[in-house]
Every structure is written in structure tokens, then in C-alpha cells.
Amino acid sequence: MENRKAKLPAIDIGIEAADREQIANGLSALLADSFTLYLMTHNFHWNVTGPQFNTLHQMFMTQYTEQWDALDLIAERIRALGFPAPGTYAEFARLASIEEVKGVPKAGEMVRHLVVAQEATARTARKLFPVVEKAGDQPTADLLTQRLEIHEKTAWMLRSLLEE
């Protein structure tokens, strides 16, 4: 008896294969930035000290929890487009635009790092819009819009903590 794999039907969702691949690549970069931001925020939650401890500890927990939930949405969209989602530290390090923070910065520096990382993640999402719009990929456009709203609002809230 011959062992044959059943051939899967080609993906036909109304988006050309080349466009799906380009969108999946952009979403992979967004996933990498999002995971890096998640990890940074969770690290800061664990390690924050100082007079603003309670405020920042709680704020960081709210932010990393939201970020964690977003990772699944982004990865599942990549899969729905027919591509594997990146999922290793090596892949995320290669794809991310966010620099890893060395050591344990003071609370104010943590906030500054998070502002920069939130804005970088927003830029990564925004860069993908032209391809998504050209391809008529409304589900990805919706996901990007939601992510942009959250990253921009979070950056604003963090930035407001830095005002004197």
C-alpha cells in the first residue's frame, strides 16, 4: 500500500499569493515587535521600584496582559493567510525593530523605553497598511487599526508620566 499525503487545496480567499506572503512577512515583523514589547513590559513589571511602584506595577501588568492577548491575534492572522508564524527568540530578534534593554533601568527610564517601543510597534503596523489596502485585506486592516489605536494611546499615557 502506498503512503500518500492528501494534497491540500490552494488557498483562495481573494488575495493573491504574493500579496498574502508580503502581508504575512509584515505581520511577522509586527508579531516580533509585539512579543519584544510584551517581554520588555513584563520584565519592567517584575523589576520596577521607587515611589511610583504601585502605579507602574499595575499599569505595566495591564499593558503586558493586553499585549499577550494581541500576540495570538497576529499569529493567527499569519496562519489564516497560509504562512507559519515566527515563534522563537532567534526569529523575533531577527525580525524586531525594538532593541533589547540591558540591565534594570530606573522607573523613569523604563517608561521612556516603553514609549519608544510602543511607538516602534505602531510604526511597524502602519508600514503594512499600503500593502494590505492594495490587496483588499480588510481583516488585516482591521487588526492593524486596532493595534495602532492601542499602541498610540499607550505611548501617550506613558509619555504623560514623564511630564514635570
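Everything here concerns the structure above.
Conventions used here
Counting starts from 1 at the beginning of each chain's written sequence and moves along it residue by residue. Local features in this predicted model are restricted to residues whose pLDDT is 70 or higher, and side-chain atom pairs enter the listing and the counts only when it is 80 or higher, whereas totals over whole chains, interfaces and linings include all residues. Side-chain measures here rest on the full set of heavy atoms in the structure, leaving out hydrogens and waters. In what follows, salt bridge is the name for a side-chain nitrogen of Lys or Arg lying within 4 Å of a carboxyl oxygen of Asp or Glu. In DSSP terms, a helix is any run of H or I states spanning at least four residues, a strand is any run of E spanning at least two, and both are numbered starting from the N terminus. For every residue, the accessible area obtained with a 1.4 Å probe (protein chains only) is divided by the maximum for its type, and the residue is called buried under 20%, exposed over 50%, and partly exposed between those limits. Centre distance within 6.5 Å is the pairing criterion for rings of Phe, Tyr and Trp, where only the six-membered ring of Trp is used; planes under 30 degrees apart are then read as stacked, over 60 as edge-to-face, and the remainder as tilted. Put simply, a nonpolar core is a bunch of buried Ala, Val, Leu, Ile, Met, Phe, Trp, Tyr and Cys residues held in one set by side-chain atoms that sit within 4.5 Å of each other. We call two residues in contact whenever any of their non-hydrogen atoms come within 4.5 Å of each other.

1. A few points about the pattern of salt bridges
And then number 1: For the structure on display, the rule yields seven salt bridges.
And then number 2: Between Lys-134 and Asp-19 there is a salt bridge, and its shortest N-O distance comes to 3.1 Å. Of the two residues, Lys-134 is situated in helix α5 (residues 129-135) and Asp-19 in helix α1 (residues 17-47); the sequence distance between them amounts to 115 residues.
And then number 3: Accessibility expressed as a relative area gives 14% for Asp-19, which makes it buried.

2. A short note on the packing of aromatic side chains
And then number 1: One pass over the structure, following the stated rule, counts six aromatic pairs.
And then number 2: Put simply, the rings of Phe-35, Tyr-38, Tyr-64, Trp-68, Tyr-89 and Phe-92 touch in pairs and so form one group of aromatic residues.

3. Comments concerning the nonpolar core
Grouped burial of nonpolar side chains is what soluble globular proteins tend to show.
And then number 1: Counting residues in each nonpolar core, the largest one holds 28 residues, and the members touching the most others are Ile-23, Leu-27, Leu-31, Ile-74 and Leu-144.
And then number 2: Mapped onto this core, the elements with two or more residues apiece are α1, α2 (53-80), α4 (107-127), α5 and α6 (138-161).
And then number 3: If one sorts the elements of this core by residue count, α1 sits on top with eight residues.
And then number 4: Setting aside its immediate chain neighbours within four residues, Ile-23 contacts Leu-81, Leu-128, Val-131, Val-132, Ala-135, Asp-137 and Thr-140.
And then number 5: Among the nonpolar cores identified, the runner-up in size contains 16 residues, and Met-40, Val-101, Ala-107 and Ala-120 belong to it.

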